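Secondary and tertiary structure notes
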Amino acid sequence: MIRDIIIYGDPVLRTKGKSVEKFDDELRALATDMLETMYEANGIGLAAQQIGEAIQLTVIDISEAESRPSQMWINGVEVDPKEHMPVVLINPEIGFGDEVEIGSEGCLSFPDITGEISRSASIRVKSRDLDGKPVEFEAAGLLSRAVQHETDHLNGILFIDRMSSAAKSALAGKLKRLVTETG
Ligand SMILES: [Zn+2]
């Protein structure tokens, strides 16, 4: 079922997600709804907060982003990221590489807003799948960026928090309008 996407201004986007403890049909149904909602909106990632549920669950699929490459390694072996999409991350923990890169980001909760955001170029992800089984991989490129953007959401952190103060002031009018429309 396609859900309404929560827009900036709603406090749920600032709420840290609770750890998932039950890997049941309800969780599976929620993940399915999130994937349908993300694909319908042409997004590459969606966090549970963005459909109003403050839990540690996010979905990602970068396979349609042809112009922005991703790399993925499982057990140290490079794999084709497309063969591992979509990714469902539950209770994820991220290890950040030292190298940083700046790239453009948008967010389904901020229609018509993009920003240049600095992120770790590569990351190590430890997570659970929908059966509660451990999932581990390393990522670089767009996948690394998407995982960092989405796991920020799970902790109530938004991409505007990572913009320069100049970029954020330039967006002040647009942001205020979003909040007004939400309220
Ligand atoms: Zn977002």
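Above this note sits the structure.
Please read these numbers as outputs of a predicted model, since none were measured by experiment.

1. Things to note about unusual backbone geometry
- Omega for the peptide link from Met 85 to Pro 86 comes to -10°, which places this bond in the cis form.
- Note on placement: Pro 86 falls in the loop between β4 (77–79) and β5 (87–96).
- In the Ramachandran plot, Asn 42 falls in the positive-phi region, its phi being about 55° despite a non-glycine side chain.
- Its place among the elements puts Asn 42 in the loop between α1 (25–40) and β1 (45–47).
- Judged by relative accessible area, which is 71%, Asn 42 ranks as exposed.

2. Structural notes on the packing of aromatic side chains
- Evaluated as defined, the whole model comprises two aromatic pairs.
- With centroids separated by 5.1 Å and ring planes inclined at 65°, the aromatic side chains of Phe 110 and Phe 159 adopt a geometry described as edge-to-face. Of this pair, Phe 110 sits in the loop between β6 (100–106) and β7 (114–120) while Phe 159 sits in the loop between α2 (142–154) and α3 (165–170); the two residues are 49 residues apart in sequence, bridging distant segments of the chain. For the residue pair Phe 110 and Phe 159, the accessibility class agrees, reading buried in each case.

Cut-offs and rules
- Residues numbered from 1 in each chain as written.
- Predicted model: local features only at pLDDT ≥ 70, side-chain atom pairs only at ≥ 80, totals over all residues.
- Heavy atoms only, no water.
- Helix = DSSP H or I, 4+ residues; strand = E, 2+ residues; numbered from the N terminus.
- Buried < 20%, exposed > 50% of the residue type's maximum accessible area, 1.4 Å probe, protein only.
- Phe/Tyr/Trp six-rings, centres within 6.5 Å; stacked < 30°, edge-to-face > 60°.

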